[in-house]
Structure formats: structure tokens, C-alpha cells
Amino acid sequence: MVDVTVAKSWRDELASLVEDSGIRFAGDAVEISAPTYSTPAFEEKRSLYESPAIEEVVAEPESFKDQIEGFAKAWGEMLLELMRGCRDVVQQSLLTEESYIVQKTKGPLAEASRRLSVLNEFLPEDRDPVHAWPVIFFVFILALSALSVNSKRETSGKLVKEVYIHPPSATRILLPDGRHMAYHEIGVPSNKARYSIIAPHGFLSSRLGGIPGVKVSLLEEFGIRLVTYDLPGFGESDPHPERNLYSSALDMQYLADVLGVNSKFWVLGYSSGAIHAWAAMKFIPDRVAGVAMFSPFINPYESSMTKEEMRGTWNKWTRKRKLTYYLARRSPKFLDYFYRQTFLSGKHGQIDKFMSLSLGQKDKALIREPAFEEFWHRDVEESIRQGSTKPFIEEASLQVSNWGFSLVDLQVQEKCSGKGILSWLKFGYGQVRCELTGFLGPVHIWQGLDDQVVPHQMTDYVARILPRVVVHKLPDEGHFSYFFFCDECHRQMFQTIFGSPQGPLEESIEAPTEEDGEQEAANLNLAAE
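Criteria and thresholds
- Residues numbered from 1 in each chain as written.
- Predicted model: local features only at pLDDT ≥ 70, side-chain atom pairs only at ≥ 80, totals over all residues.
- Heavy atoms only, no water.
- Disulfide = S-S within 2.5 Å.
- Buried < 20%, exposed > 50% of the residue type's maximum accessible area, 1.4 Å probe, protein only.
- Pairing = 2+ DSSP bridges.
- Helix = DSSP H or I, 4+ residues; strand = E, 2+ residues; numbered from the N terminus.
- 1 Å grid on protein atoms, 1.4 Å probe; cavity = no way out; pocket = protein on both sides within 12 Å on 5 of 7 lines; lining within 4 Å.
- Points joined across faces, edges and corners; volume = space filled by probe spheres on them.
- Nonpolar A, V, L, I, M, F, W, Y, C, P; charged D, E, K, R; others polar.

Draft legend 1. Representation of the state of the cysteines within the structure. For the structure shown, the criterion picks out one disulfide. Covalent S-S linkage joins Cys486 and Cys489, the inter-sulfur distance amounting to 2.0 Å. Disulfide Cys486-Cys489: torsion about the S-S bond near 60°, hence right-handed. Here Cys486 and Cys489 have matching classes, each one buried.

Draft legend 2. Highlighting the pairing of strand β3 (residues 171-174). Examined bridge by bridge, β3 and strand β4 (residues 180-187) share four bridges and lie antiparallel to one another. Directly across from Arg172, in β4, lies its bridge partner Ala182. Counted between consecutive antiparallel strands, the loop separating β3 from β4 contains five residues, among which Gly178 sits at a positive phi close to 95°.

Draft legend 3. Inspection of empty space enclosed by the protein at higher detail. Applying the stated rule across the entire model yields four cavities of 30 Å³ or more. If you add up the space inside the largest cavity, you get close to 630 Å³. Taken together, 41 residues make up the lining of the largest cavity; nearest its centre are Gly202, Phe203, Leu204, Ser272 and Met355. For the lining of the largest cavity, the secondary-structure elements that each account for two or more residues are β5 (195-200), β7 (265-270), α10 (319-330), α11 (335-341), α12 (351-354), α14 (370-383) and α15 (390-400). Here the element with the most residues in the lining of the largest cavity is α10; it accounts for five residues. When the residues that make up the lining of the largest cavity are grouped by side-chain class, the tally is 26 nonpolar, twelve polar and three charged. Around the second largest cavity sit Tyr270, Phe294, Ser295, Trp446, Gln447, Gly448, Leu474, Gly478, His479, Tyr482 and Phe483, which together line it.

Draft legend 4. The arrangement of unusual backbone geometry in detail. For Ser271, which is not glycine, the phi dihedral falls at a positive 55°. Looking at the secondary structure, you find Ser271 in the loop between β7 and α8 (274-283). Residue Asp476 is not a glycine yet carries a positive backbone phi of 65°. If you trace the backbone, Asp476 turns up in the loop between β12 (470-474) and α18 (487-498).

Take a look at the structure:
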């Protein structure tokens, strides 16, 4: 019998799967019937699978996004497996009972767990502490993160005022060494001034500082001429290449001479501006009628301070402020970075943030006042006009370096000429001349007991070594609250040092100034020609 192999198409193969194969299962008997290929039923079934046109299905290419997602998933699975492997290694090698870490930490951890077990009382009875406390800790961390994000958003939402450098507007004089000094004066004119006050400004201030908020009418009532000036490198004053406290006192004296202050003048020193008042008392005592100080700064490294005075001073300061004083004394150049990040950043900020100050209650309330903020911004803008950190570094160094004298030198003492046995014999016969040394004029200090910028321990030190100084202690007052924008405080200050108001002088003869001398010389030259 010849086998004939007939090649079937894929339709025939598919139809063979659908048609009746003739296989029957009845108990153990199997009946196989021969298949028929040309039955009407087959024709009907085959027609169901016939299609006039069969379209070829083409797989879409994988996109770049799908590739990235697949790559990320693969890496994630690999990292997960790596972490599981590291966990197994740690558990099998470091966290076994025989490991060194477990033996050393098992006891302390058990003791800490025993002490903290009292907190389990706050948990519900059906909660396992091992599972509950990690969840609580995790939620606590999430809450702190959310609060920090919200606080940052609120801070960033506030408008930050940019620094604006105003056009030059100061009156300047020419100093003997060729530098120019800018100054500002208010009150009565020079020919009617009963009292003249010269006020050097403090750190991060300018000639616009003076007595913040003082009324011109009050100055006129007492006949006061108030003169303020820019220190070298500040505002519109030229920098000094080698300035110190001695040169500062000479600048003050020359300013008084040029402005026609022929008699003695008062010096007002506020905060760190007091170091220039101390210098005037030491180097030009014959020109100074008296000194008024508010929270006067002294060198915190003064060796003659007691441990209690020094400890009380340093404990009131923030860590950053302590660091700035240390750098100013040891490595002043490093202050350049701090200054450029704060008041030389081109943005305005609060005074306590810029200068790393801790403030009392009254000071905190005052710096939020619009009048204080407006004054502070304008004063800072004038102070940093030249955009250089050098004058600020110099000023900070002067505060904590060797002044060239000690405050003990200002103490009034009797000094007699001559030494040895001959001087003793002359003293017995009354032939020895003795004179008083130190600063002989009156000195008044106003000190707030809640001042944390210049703590009252500094004033306690001054009162101890200079017993002639009159100290006015101000309970509950801070560093700014008594001196800034307080009309009654300003009146009390003037009444304390000048007595009852007497008004300006009635003389109308103007004192000659440098400009008048230059004009007169020019007129003489024209007449000669």
C-alpha cells in the first residue's frame, strides 16, 4: 500500500483542530473513525475562518521613556538585592551574640530600654512598643520636616529690601594729611552755640547716627550744636592707611578747630563709639569739657577686669559674636567673609542678625518699630557706601586690641615732680610741685541693666577703676531702648549734664571758618593783581 503524503495548508490544519476527529471514549473501547474532508459541516466551519485579507501585525518599537523606566526598575531591583545582601551580612557577622559590637552595646542598650520603658504606659494596651515607637519616631521626623519646609516658604515669601546707595550729600573738610572727613551738624549755629557736642559713631553706623530721633527744637532749647562725622573709610570719609585711637583723637580735635569750636567741647560716645571718646579723654584732655556715654564699650580682654566682670560680660554674648571678637583679635582677615555675608551682601536685615546680638525685651520691641527700621536701613546704607570691608575690620580690631593706654590711666591722680631723696627733702620744705593727672572733666554714663550687647559688667568695671565717673543705672532698659527715639530720655540727659535749658547765645558774631579764610585770601590775591 502506497502512502501518499498530502501537504496541508495552515487553513486545513486549523480546520482539523475544529472538526470532529472521530475519537470516542466509551469505557475501555476506543472507536476511531476515518476522517472525512469533504463534508458540508466542514465547509460551513471553514468558512468562519476565511478572511478576504489578513493584515500582518507589526510590533511597535519600544520608546525611550519605556527604556528609561525599564533601566530604572532594573537598577532598583539590583539595589534592593544589594541592600538585602548587606543586611544579611551585617546580621550574620556583626549582630550575632558573639560579635564585639553586641557584647559592648548590649548592656547600655538594655539599661536605656529599661529606663525608657516607663513611656510604654502612654501606649494603648494592644500596641507592641517595638512596633509602635519606631512609627511614632518616624511620624515625628516627618512633622519636623514639614514645619521646616513651611517656615522656609514663609521666610522666602517675605520681601527683602535691597540696599540703596544714595548720592553723595555730605559736607567735607580737608585734614592736614590730605584726607577728607565728612561731617553733619544739627541744632543751633556755631555763633549761637552754648554747648558743642561731637559724637563719633559706633560700628556699622555713620555721621547720620548721632542721637537717633533727637528733636532740633530740644537742641535749640538747650543751645546745643551737635556735630557728627564719618570715621575713616565709613560714609564719605577717606580711609586712613594706619589709623589708631591716637589718630582718631587728632581727627576729632582738627574737626573742632575747623568748625570754629574755639572753646572746649563735649564728647558723646554710644556703644562701640565710646572707644573714640576714651581716646579723646586720653590724648586731647585739654579740649574736652566733659563726656557723656551710653552703654560704653571697653576692651573685653582688659587684663585688669575681675573674673566676675569678665565672665558676666562674655556670658551675655552669642557664640558668633564671641567668634568675631576672637578673630578680630587673632586673625582679622577672616572677618571679611562674615561681613560680606551680612551687611555687605546688598540686602537689608535685622540689626540683631547682622551683628549677632542677643537683645532684651524692650530692644526686641523697639527694633520692630517702623521708625527704627527706617533709621537703621538709612544709617547702614551710608555706612557701607564705599563697599569695602577694610574699615569695618579695622574698627573691630581697634575694639579688642591694645589701645595704647589703659582706662586706669584716666584716673585722677596727684603727680609730683622729682624722685629720690632730694624730692623727699623738697617735699618737707614745701618746694615740690604736684599736679593732677588723668581726665579732670565730668563723665556721665547711662547703662541699661537689661543690656545684653554691652553688659552692665563693663560699666561696673569702669565705675570701679574710675570712681569719679557718675553712673546712671537704668532698670529694664536695654541697649537701644533708652537712647533711640526717646524724647524724655534725651531731655533728661541734657538736663543732667547741662542743667536747666538756657537757650542759644545772643551773640551774632560768627566765628571764622576755613572757607572764610580761603575766600579772604582769594580776595587779597585779586586786589594785588
